[in-house]
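# Structural description and commentary
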Amino acid sequence: MTTTLDQELDAVVARLASGDRAWARMTLVQRRDLLLEVCAAVAAHADEWVRIATEIKQLEPGSALTGEEWISGPYAVIGYCQAVQDTLVRLAVGSDVLAGYPVRPAPGDRLAVQVLPHGAFDKLILSGFRAEVWTTPGITDRELRAQAGLGQRTPERTGGVALVLGAGNIFSIAPLDVLHQLYAENRTAVLKLNPITDPLAPVLRAIFQPLIDRDLVEIVTGGPEVGAALADHPGIHAVHMTGSEATHDAIVWGTGEQAAAAKAIGAPKLAKPITSELGGVCPIIIVPGEWSRADLRFQAEHVATQRLHNSGSNCIATQIVILSSDWPQKDKFLAALRQALAKTPARPAWYPGSDVRVRSARRLHPAAEHVGGTPERTLLTGLDLTDANESAFSTEYFGPVLGVAELPGTGAEFLDAAVATANERLHGTLGANLIVHPKTMKVLGGRLRAAIADLRYGTIGVNAWTGIGFLTSRATWGAFPGHTLADVQSGIDVVHNALLLDNTERTVITGPFRPAPRSVLHGELSLTPRPPWFVTNRTADHTGRLLTEFAARPRWRALPAIFASALRG
């Protein structure tokens with residue numbers, strides 16, 4: 001590293017240290033006002049954000065897939081800002097942060113806080129979807145409410161300067177992580193962008209200008225040497241990263257023989273706290289039931305979405321489908337899945353290294369199916385859950401490769417075996433999905449909720465992709481608790497969590513089994529058509545733009561246009 005770069009980074013950290021002292025003097029109302037300025041700036045620069053994002057991801061102009069960039073970009077950040085500012089208002093006047101949020105018992109002496117729907121707009125726009133944040137066992141209702149607020153309960157006790165190492169795949173991750181450091185951890189932050197996202201630097205600087213002007217946030221670019229220098233800088237008090245387990249371990253332990261020696265004696269190279277979100281091998285458990293042809297087609301699209309959203313370059317992308325070998329409709333479902341994978345709109349496997357990972361998966365699985373749609377889309381069937389060396393269970397492909405494994409049994413017997421398999425055989429604990437027919441749910445009764453409690457994952461989706469947990473600002477996002485620096489898997493701690501809850505364990509998302517109008521015809525309480533995050537949605541770009549505009553300025557008269565666009569999808 002050059003002397004000039006040393007000096008530049010020293011100056012950045014010094015400004016943020018000064019900002020940390022100024023942050024300590026700010027009232028909650030002032031902090032809320034700054035957050036609203038950021039929210040307004042996101043809305044003002046949303047078009048430019050999405051334009052640059054689609055160029056980075058090589059999407060065709062006007063593609064419906066642009067909806068992904070609206071929804072997982074400015075929409076997500078605006079929603080988070082709106083939710084946190086509401087929490088700050090409550091803390092500022094000394095009211096209960098959880099007033100109006102139902103809290104009920106959950107299995108295993110836990111509590112479940114319903115965070116979605118929250119308000120009339122959620123009930124309409126996300127009709128039929130629900131999200132709960134579950135606490136760790138033993139937390140009482142009184143403790144939960146007393147601790148809500150995290151660093152904003154004592155705003156004068158700031159935590160110094162944090163380094164945020166930004167992700168390169170989903171472009172709201174980095175700004176959300178910065179805001180989490182400010183408002184949950186009570187720290188100022190320097191954001192080191194992933195080089196993939198460097199073209200977005202001017203937009204992000206414009207968005208964060210109210211915070212940059214007050215020395216609360218800085219944004220830097222550059223190669224790995226810049227991130228390494230900042231991580232080791234004595235003025236940086238904590239590090240947060242989103243990325244790969246290999247990158248995490250290189251930061252914490254070093255590389256090569258140095259890392260092995262450091263791990264052997266439990267002496268990490270990084271002598272400061274580090275939190276992380278690192279992905280993993282995410283499962284989707286298909287609980288056997290009696291499904292119609294329309295059900296098979298829709299849920300095949302659902303699974304294809306969970307793999308192909310962002311061309312598979314998602315830490316929460318489903319990688320392993322767990323099926324019952326005794327399900328009479330197994331072959332029909334697999335046929336529908338092949339068709340959905342092939343017919344989903346083509347897009348480049350844009351994330352660096354995707355082609356290498358696909359070739360590696362195919363080389364290790366000679367029977368891999370090239371399902372069509374794009375040259376990279378790959379289906380691996382017949383994976384052996386008893387094979388301790390099966391790479392698909394331990395390697396995150398981060399690309400359009402989907403595996404299928406089978407277990408015997410039906411009903412609760414199959415569900416229990418699938419949960420145990422997901423816990424024990426798959427690497428990582430970020431998210432797990434279940435698809436269950438409503439009639440099967442009734443038969444399972446309390447066994448389903450018990451199975452959810454048994455799953456050791458940070459977000460669990462039932463008939464709803466766990467990616468919705470990422471978009472639900474009041475939900476928590478991160479690995480299941482318990483990982484260590486030496487065995488980090490999907491990471492340590494959580495982000496988002498706009499209610500600023502302490503002692504959280506997981507988020508549970510539930511959704512409708514069918515889209516409207518079939519949901520209504522079959523008695524499900526949901527008016528949601530094919531969701532805009534589905535890769536098969538024909539109007540996702542238009543709906544995503546409308547949802548982003550609505551998040552920035554919620555109003556009743558905007559709803560008809562959103563519903564009309566959603567129905568055409």
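Residues numbered from 1 in each chain as written. Predicted model: local features only at pLDDT ≥ 70, side-chain atom pairs only at ≥ 80, totals over all residues. Heavy atoms only, no water.

The name an unreviewed UniProt entry gives the protein is Aldehyde dehydrogenase family protein, with Nocardia vinacea as the organism.

## Describing the overall build of the protein
Each helix and strand counted, the protein has 22 helices and 19 strands in total. For 569 residues, the compact-globule estimate of 2.2 N^0.38 gives 25 Å, and the protein sits close to it at 23 Å. Considered along the principal axes of its C-alpha atoms, the protein spans approximately 65 × 60 × 50 Å. By the burial criterion, 60% of the 569 residues in the protein qualify as buried. By sequence separation, contacts in the protein at least 24 residues apart represent 77% of the contacts at least 6 residues apart. Total accessible area on the protein is roughly 21,200 Å²; 55% of this is exposed by carbon and sulfur atoms. The average position of the 53 basic charges and that of the 56 acidic charges among the side chains of the protein differ by 7 Å. (Helix = DSSP H or I, 4+ residues; strand = E, 2+ residues; numbered from the N terminus. Rg over C-alpha atoms; globule rule 2.2 N^0.38 Å. Buried < 20%, exposed > 50% of the residue type's maximum accessible area, 1.4 Å probe, protein only. Contact = heavy atoms within 4.5 Å. Areas by Shrake-Rupley, 256 points an atom, 1.4 Å probe, with all protein chains shown as cover. Lys, Arg positive; Asp, Glu negative; His and termini not counted. Charge placed at Lys NZ, Arg CZ, Asp CG, Glu CD.)

## Looking at the packing of helix α21 (residues 540-552) against helix α22 (residues 559-568)
Where α21 meets α22, the axes come as close as 9 Å, and the angle between the chain directions of the two elements is 155 degrees. In terms of their interaxial angle, α21 and α22 are classed as roughly antiparallel. For the pair α21 and α22, the crossing hand works out as left-handed. Listed contacts from α22 to H542, T543, L546, L547 and F550 of α21 are L559, A561, I562, S565, A566 and R568. (Axes fitted to C-alpha atoms, helices over the stretch in contact; angles between N-to-C directions. Parallel < 35°, antiparallel > 145°, perpendicular 65-115°, else oblique. Left-handed = near helix turned anticlockwise from the far one by under 90°.)

## Re the environment of I236
The topology assignment puts I236 in the loop between α10 (224-232) and β7 (238-242). Residue class for I236 comes out buried when judged on its relative accessible area of 2%. Note: C-alpha distance between I236 and V190 (46 residues apart in sequence) is 9.1 Å. With sequence-adjacent residues up to four places away left out, I236 is seen in contact with V13, V161, A162, L163, V190, L230 and K272.

## Section: the UniProt feature "domain: Aldehyde dehydrogenase" (unreviewed entry) in the protein
UniProt's feature table lists "domain: Aldehyde dehydrogenase" (unreviewed entry) at residues 182-407, given in the numbering used throughout. With 36% helix and 20% strand, residues 182-407 has end C-alpha atoms that lie 46 Å from one another. (UniProt positions renumbered as here; feature names shortened; annotations may be inferred.)

## With respect to the sheet that holds strand β15 (residues 459-462)
Across the sheet, which stays open at both edges, the eleven strands sit in the order β1-β2-β3-β19-β15-β14-β9-β10-β13-β12-β11 with mixed pairing between neighbours. Edge strands, defined here as strands with exactly one partner in the open sheet, are β1 (103-106) and β11 (369-370). In terms of strand pairing, strand β2 (residues 110-116) meets strand β3 (residues 130-135) through four bridges, oriented antiparallel. Residue V113 lies in a different strand from β3, and its bridge partner there is V133. (Pairing = 2+ DSSP bridges.)

## Thoughts on the sheet that holds β7
Here six strands make up an open sheet; going across it, the order is β6-β5-β4-β7-β8-β17 and the pairing mixed. The open sheet has two edge strands with one neighbour each: β6 (217-220) and β17 (491-492). In terms of strand pairing, strand β8 (residues 274-277) meets β17 through two bridges, oriented antiparallel. Bridged to E277 within β17 is G491. Of the strands in this sheet, β4 (161-165), β5 (188-192), β6 and β7 touch α10, which is tilted by about 155 degrees from β4.

## Focus on the pattern of salt bridges
Tallied over the entire structure, the rule returns 24 salt bridges. A salt bridge links R347 to E68; its shortest N-O distance comes to 2.8 Å. Of the two residues, R347 is situated in the loop between α14 (330-343) and α15 (354-364) and E68 in helix α4 (residues 66-92); the sequence distance between them amounts to 279 residues. Residue classification places R347 among the buried positions, given a relative accessible area of 8%. The buried category is assigned to E68, whose relative accessible area is 6%. (Salt bridge = Lys/Arg side-chain N within 4 Å of Asp/Glu carboxyl O.)

## Comments concerning helix α2 (residues 28-44)
With 17 residues, α2 ought to run about 24 Å at 1.5 Å a step, and its terminal C-alpha atoms sit 24 Å apart, in line with that. Within the sequence span of α2, burial applies to L28, R31, L34, L35, V38, C39, A41 and V42. Axial view of α2: buried residues confined to an arc of 165 degrees, hence all on one face. Those residues of α2 that are buried lie in contact with α1 (3-25), α3 (46-56), α4, α7 (173-183), α8 (201-207) and α9 (209-212). (Expected span 1.5 Å × (residues − 1). Arc of directions from axis to C-beta.)

## Overview of unusual backbone geometry
Omega for the peptide link from L116 to P117 comes to 0 degrees, which places this bond in the cis form. By the secondary structure assignment, P117 is in the loop between β2 and α5 (120-125). Residue A516 is joined to P517 through a cis peptide bond whose omega torsion reads 10 degrees. Looking at the element boundaries, P517 is found in the loop between β19 (504-510) and α20 (518-521).

## Some words on the pairing of β6
Side-chain alternation along β6 places V217 and I219 on one buried face and E218 and V220 on a second face that is also buried. Examined bridge by bridge, β5 and β6 share four bridges and lie parallel to one another. Residue pairing across strands places K192 opposite V220, the latter belonging to β6.

## Side note on a nonpolar patch on the surface
Residues L124, W556 and F563 make up a contiguous nonpolar surface patch of roughly 290 Å² in combined accessible area. You can call L124 partly exposed: its relative accessible area is 34%. (Patch = residues over 30% accessible without salt bridge, like charges linked within 9 Å, V, L, I, M, F, W, Y side chains within 5 Å.)

## Thoughts on the packing of α3 against α4
At a closest axis distance of 9 Å, the pairing of α3 and α4 adopts a crossing angle of 135 degrees. Taken together, the axis directions place α3 and α4 in an arrangement best described as oblique. The chirality of how α3 crosses α4 is right-handed. In this structure, α3 uses A46, D47, W49, V50, A53 and T54 to contact α4, whose residues at the interface are T66, E69, W70, G73, P74 and V77. Residue composition of the contact of α3 with α4, grouped by class: seven nonpolar, three polar and two charged. (Nonpolar A, V, L, I, M, F, W, Y, C, P; charged D, E, K, R; others polar.)

## Describing the nonpolar core
In terms of nonpolar packing, the biggest core is built from 91 residues, with W49, L179, Y183, F208 and L211 touching the most fellow members. In terms of residue count, α4 provides more of this core than any other element does, eleven residues in total. Ignoring any residue separated from it by four or fewer positions in sequence, one finds L211 in contact with L34, V38, L179, L182, L216 and V217. A106, A368, L383 and A392 belong to the second-largest nonpolar core, a separate cluster that totals 40 residues. (Core = buried A, V, L, I, M, F, W, Y, C linked by side-chain atoms within 4.5 Å.)

## So, helix α16 (residues 411-425)
Its 15 residues give α16 an end-to-end C-alpha distance of 21 Å, which sits within 8% of 21 Å, the value for a rise of 1.5 Å per residue. Residues A412, F414, L415, A418, V419, T421, A422 and N423 constitute the buried set of α16. Packing partners of the buried residues in α16 comprise β9 (282-286), β10 (318-324), β13 (401-407), β14 (431-435), α17 (438-444) and α18 (446-454).

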